[in-house]
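Survey of secondary and tertiary structure
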Amino acid sequence: MSGDVVQYVGLFLLGVLAGEELIVRYGVHPVLSSLDDRAHLLARQALIRRLRVVVPIVMLPAAALALVGLATVTGPGLALRWATLIAMVAFLLLSFLGTVPINIKVNDWRVDAPPADWKAVVHRWARIDVLRSTTATAAFLFAVLAVAYGTAS
C-alpha cells in the first residue's frame, strides 16, 4: 500500500472513530443517565454488545495504519504522524485497561439486581471515556494536520 493510500485510509478510519467516540460520549451516554435505573442498564448493556463488535473493526485498522504511516509516508509532518500514533496508543490503552474491563463487568450485571456500587462504576467508566474520546479526536486532528502539512509543502 502506497504512503498516500495509507494516509488517506487511515485518516478516514480515524475520522470515523473520532466521530463515533464523540457521539457516544456526548450524545448517547448523557441520555442514559436521564433514564430510570433499569432502562439505563438495559440500554448500556445493549450498547456494549453492539459497540464491542463495531468499534474494534474501526480502531484496530486505524491504529495499524497510523503505525504503517510512520514507515511508509515520507516528507513533512513526521512529528504529527508520531503524535497521531501516540494518541492512538493512548486510546488503545485507555480502552483495553480502562473501559473494556468495566464493560465486561457491566454486561454481566442483572438489571433487576445490579451491584450496590453500580453508579460509581458507571461514573468511573465515564471519566475514562472522556479521556478516550479526547485521544481519538486528537489522533484524528493530528492526522488531518499531518496530511495538510504534507500536501501544503
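Heads up: these notes are all about the structure in this document.

**Some points on the overall build of the protein chain**
A tally of helices and strands in the protein chain yields four helices and zero strands. Secondary structure elements in the protein chain, listed N-terminal to C-terminal, are α-α-α-α. The 153 residues of the protein chain split such that 41% are buried. Here the analysis covers contacts within the protein chain between residues at least 6 apart in sequence; of these, 80% occur between residues at least 24 apart. Only carbon and sulfur atoms are counted for the fraction: they give 71% of the accessible area of the protein chain, which is about 8,200 Å². Positive and negative side-chain charges of the protein chain, numbering 13 and 9 respectively, have mean locations separated by a distance of 3 Å.

**What to know about the nonpolar core**
Ranked by internal contacts, the top residues of the largest apolar core, which has 19 residues, are Leu14, Leu17, Met59, Met88 and Phe91. It is helix α2 (residues 37-72) that contributes the most residues to this core, six residues altogether. Dropping the residues within four chain positions of it, Met88 is found in contact with Leu14, Leu17, Met59, Ala62, Ala63 and Ala139. With twelve residues, the next largest nonpolar core counts Ile48, Trp109, Val111 and Val121 among its residues.

**Concerning helix α3 (residues 78-107)**
In a regular helix each residue adds 1.5 Å, so 30 residues correspond to 44 Å; α3 covers 41 Å between its end C-alpha atoms and thus fits that length. The largest bend in α3 is about 40°, located at Ser95.

**A few points about the pattern of salt bridges**
Considering all chains together, one arrives at five salt bridges under this definition. Of the charged contacts, one joins Arg25 and Asp129 as a salt bridge, the two residues approaching to 2.9 Å between their closest N and O atoms. Of this pair, Arg25 sits in helix α1 (residues 3-32) while Asp129 is found in helix α4 (residues 118-152), placing the two residues 104 residues apart along the sequence. Per residue, the accessibility class of Arg25 equals that of Asp129, and both read buried. Across the pair Asp129 and Arg132 runs a salt bridge whose closest N-O atoms are separated by 2.8 Å. Pair noted here: Asp129 and Arg132 are both in helix α4, with a separation of three residues, about one helical turn. The exposure class of Arg132 is buried, given its relative accessible area of 7%. Put simply, Glu21, Arg25, Asp129 and Arg132 are held in one network by salt bridges that share partners.

Cut-offs and rules
Residues numbered from 1 in each chain as written. Predicted model: local features only at pLDDT ≥ 70, side-chain atom pairs only at ≥ 80, totals over all residues. Heavy atoms only, no water. Helix = DSSP H or I, 4+ residues; strand = E, 2+ residues; numbered from the N terminus. Buried < 20%, exposed > 50% of the residue type's maximum accessible area, 1.4 Å probe, protein only. Contact = heavy atoms within 4.5 Å. Areas by Shrake-Rupley, 256 points an atom, 1.4 Å probe, with all protein chains shown as cover. Lys, Arg positive; Asp, Glu negative; His and termini not counted. Charge placed at Lys NZ, Arg CZ, Asp CG, Glu CD. Core = buried A, V, L, I, M, F, W, Y, C linked by side-chain atoms within 4.5 Å. Expected span 1.5 Å × (residues − 1). Bend = angle between axes of the 7 residues up to and from the residue. Salt bridge = Lys/Arg side-chain N within 4 Å of Asp/Glu carboxyl O.

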